[in-house]
Amino acid sequence: MAEAEVKLLGTWSSPFVLRIKWALKLKGVEYDFIEEDLQNKSPLLLKYNPVHKKVPVLVHDGKSIAESYVILEYIDETWKENPILPEDPYQRAMARFWSKFGDEKFLPSMWKFFISQGEKREEALVSASENLKILEGELKGKKFFNGETLGFADISLGWIVDTVSLLEEIMELKMIDEQRYPSLSAWMKNFSDFPGIKDSFPPQERMLTKYRTLREAYFATTRGTN
Amino acid sequence: MVSGGEVKLFGMWASPAVRRVEWALKLKGIKYEYVEEDISNKSGALVQYNPINKQVPVLLHNGKPIVESLVILEYIDEVWKHHPILPKDPYERAMARFWAAYSEDKCRDAVRRVFFAEGGERAKAIECLEETLRALDGELEGKEFFGGENIGFSDLVLGWMAFWLGVSEEVASFEVLDPKKFPWFTSWIDNFLQVPAIKENLPPRDKTVAFFHGYRRLHLAAPNC
């Protein structure tokens, strides 16, 4: 059997891996998905990502690329149909900015909220909500962060769609309600209905178990400290 | 000098992130106006152009702001296409972006940890930093620059280490830049600092050392940041 030209090393639950799956799907690129066990890293993963030993890793014609946003840019430059990034340099800069905002500001603030307890939880919620307001502001009047159609920033922020509902269930509160965040709520629906994205999210029950366990494990290790 | 609209850069003299944008502008011979920001008293302009982060650098091109130094570098390379910073080949571009990400995600944190470490924490922090230097040294093997024969995107992004790491060593009294342990990386530092666009665009060393002494004192005095 001929070896696939494109391989993606990942895990079923990683939001960073999911964004690569979305990009490949949108461009109609066939690939082999290789599920990695991060507790027991394969020789393949260590070979293809010796520096970080993390997923996702894209392997194309034997050459490996790591770091999700680096992979997204590579995919867009290699397979030119259905472009993810716009053509105009200023619009491209905006797309990259929102992608960074998602990973460097919003994601950490959500994680902090997820693992906080007591007073710190209230502070963390305020911080995460401020970031939500910023995203809401950017989306006003737009269907997607990219405009009429889904793009780089949407793919980078797409983890919000299922992760936030997970958090809402575990933490027992509503974070993104239609009243306070009408544009963001609409975006979440538009994003998950988009062809190629639909039905691509990992199984919710399995994710709930995973994140509940993660949270409890975190509390157990920090109990008695701070 | 190349024009192509009005270009303004909001910066702060000691900031490495600002310098990397200036290096890119100088390499491409782009005419720009520099505006020094007082970080402790941010101007209305800075807050207007970067309301989310309120940080420098901010590049203003024909009145439109672009923020985040790596985003700015990509923008500059896409608008002014002569003297390219990123290579043409997608795989080479991915490698350049990978090492740029490595600088921001691993190296900066590793240096910061050593810079602020006290007592027992220091040894562990230095170990982590040396791990990053080993990785960079390995990547540079056989090359003059990360970009090959000429400096490129990852050189500009990692460039802060060529100057600010030495400053950090002096301020926080540690030593990691050992030519025996990291021969390629220490050579790269020398090569990088010789490039005219870089050499002519570094902050004054004494002033920078003094600045970071103050910065370190301030941070150590305010625990739990």
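About the thresholds
Residues numbered from 1 in each chain as written. Chains lettered and ligands numbered in written order. Predicted model: local features only at pLDDT ≥ 70, side-chain atom pairs only at ≥ 80, totals over all residues. Heavy atoms only, no water. Contact = heavy atoms within 4.5 Å. Buried area = accessible area lost by both parts, 1.4 Å probe. Salt bridge = Lys/Arg side-chain N within 4 Å of Asp/Glu carboxyl O. Polar contact = N/O pair within 3.5 Å; in protein donor to acceptor, adjacent residues only side chain to side chain. Helix = DSSP H or I, 4+ residues; strand = E, 2+ residues; numbered from the N terminus. Disulfide = S-S within 2.5 Å. Buried < 20%, exposed > 50% of the residue type's maximum accessible area, 1.4 Å probe, protein only. Pairing = 2+ DSSP bridges. Axes fitted to C-alpha atoms, helices over the stretch in contact; angles between N-to-C directions. UniProt positions renumbered as here; feature names shortened; annotations may be inferred. Phe/Tyr/Trp six-rings, centres within 6.5 Å; stacked < 30°, edge-to-face > 60°. Lys NZ or Arg CZ within 6 Å of the ring centre and 35° of its normal.

Moving on, we get to the interface of chain A and chain B. Taken together, the contact pairs 26 residues of chain A with 25 residues of chain B. Between chain A and chain B, roughly 2,400 Å² of surface is buried when both sides are summed, and carbon and sulfur atoms account for 67% of that area. Counting the surface chain A buries against chain B, the share from its top three residues, E77, Y90 and F97 of chain A, is 23%. Between chain A and chain B we count six salt bridges in total. With a closest N to O distance of 3.1 Å, R92 of chain A and E78 of chain B form a salt bridge. At the boundary of chain A with chain B, the tally comes to eight residue pairs in polar contact (both at pLDDT 80 or more). When residues of the side of chain A that touches chain B are traced back to their parent elements, those giving at least two are β4 (63-66), α3 (68-78) and α4 (89-115) of chain A. Top contributing element to the side of chain A that touches chain B by residue count: α4 of chain A, with 12 residues.

Okay, the state of the cysteines next. Residues and elements named next belong to chain B. Under the defined criterion, the tally for this structure stands at zero disulfides over all chains. Here C107 stays free of any disulfide, with the sulfur of C128 as its closest cysteine sulfur at 12 Å. Its relative accessible area of 0% is what places C107 among the buried residues.

All right, on to the sheet that holds strand β1 (residues 7-11) of chain B then. All names here are of chain B. Overall, mixed pairing links the four strands, which are arranged β2-β1-β3-β4 in an open sheet. Strands at the two margins of the open sheet, each flanked by one partner only, are β2 (33-36) and β4 (64-67). Taking each pair of neighbouring strands and ignoring which way they run, the sheet shows an average axis angle of 20°. Where β1 meets β2, four bridges bridge the pair, whose relative direction is parallel. Residue pairing for β2: L9 is matched across the bridge by Y34. Across the face of the sheet, helix α1 (residues 16-27) comes into contact with β1, β2 and β3 (58-61) while running at roughly 155° to β1.

The residue after V55 of chain A, namely P56 of chain A, is reached through a cis peptide bond having omega 0°. Along the chain, P56 of chain A turns up in the loop between α2 (43-48) and β3 (57-60). Omega for the bond connecting V56 of chain B with P57 of chain B falls within 30 degrees of zero, at 0°, which places this linkage in the cis form. Following the sequence through the fold, P57 of chain B ends up in the loop between α2 (44-49) and β3. You will see that K53 of chain A, though not glycine, has its phi angle at about 55°, which is positive. Relative to the assigned elements, K53 of chain A resides in the loop between α2 and β3. Although it is not a glycine, E67 of chain A sits at a positive phi angle of roughly 80°. With respect to the element layout, E67 of chain A can be found in the loop between β4 and α3.

UniProt tags residues 5-84 of chain B as "domain: GST N-terminal" (unreviewed entry). Secondary structure content for residues 5-84 of chain B is 36% helix and 21% strand, while the C-alpha to C-alpha distance between its ends is 19 Å.

A ring pair, where both rings are aromatic, is described by two values, the distance of the centres and the angle of the planes. Tallied over the entire structure, the rule returns 27 aromatic pairs over all chains. Pairing F98 of chain B with W99 of chain B gives two aromatic rings, centres 5.1 Å apart and planes at 85°, and the pair type is edge-to-face. Each member of the pair, F98 of chain B together with W99 of chain B, is buried. A network of ring pairs unites the aromatic residues W23, F146, F163, W164, F185, W188 and F192 of chain B as a single cluster. The ring of Y90 of chain A has K64 of chain B lying over it, and the distance from NZ or CZ to the ring centre is 4.7 Å. Above the face of the F115 of chain B ring, R216 of chain B is positioned so that its terminal group lies 5.9 Å from the ring centre.

Here the focus is the sheet that holds strand β1 (residues 6-10) of chain A. All names here are of chain A. Pairing within the open sheet is mixed, and its four strands lie in the order β2-β1-β3-β4. Sheet topology places β2 (32-35) and β4 at the edges, where each strand pairs with a single neighbour. On average, each strand axis in the sheet is inclined to that of its neighbour by 20°, with strand direction left out of account. Note: β3 against β4, four bridges, orientation antiparallel. By the bridge assignment for β4, H60 is matched with K63.

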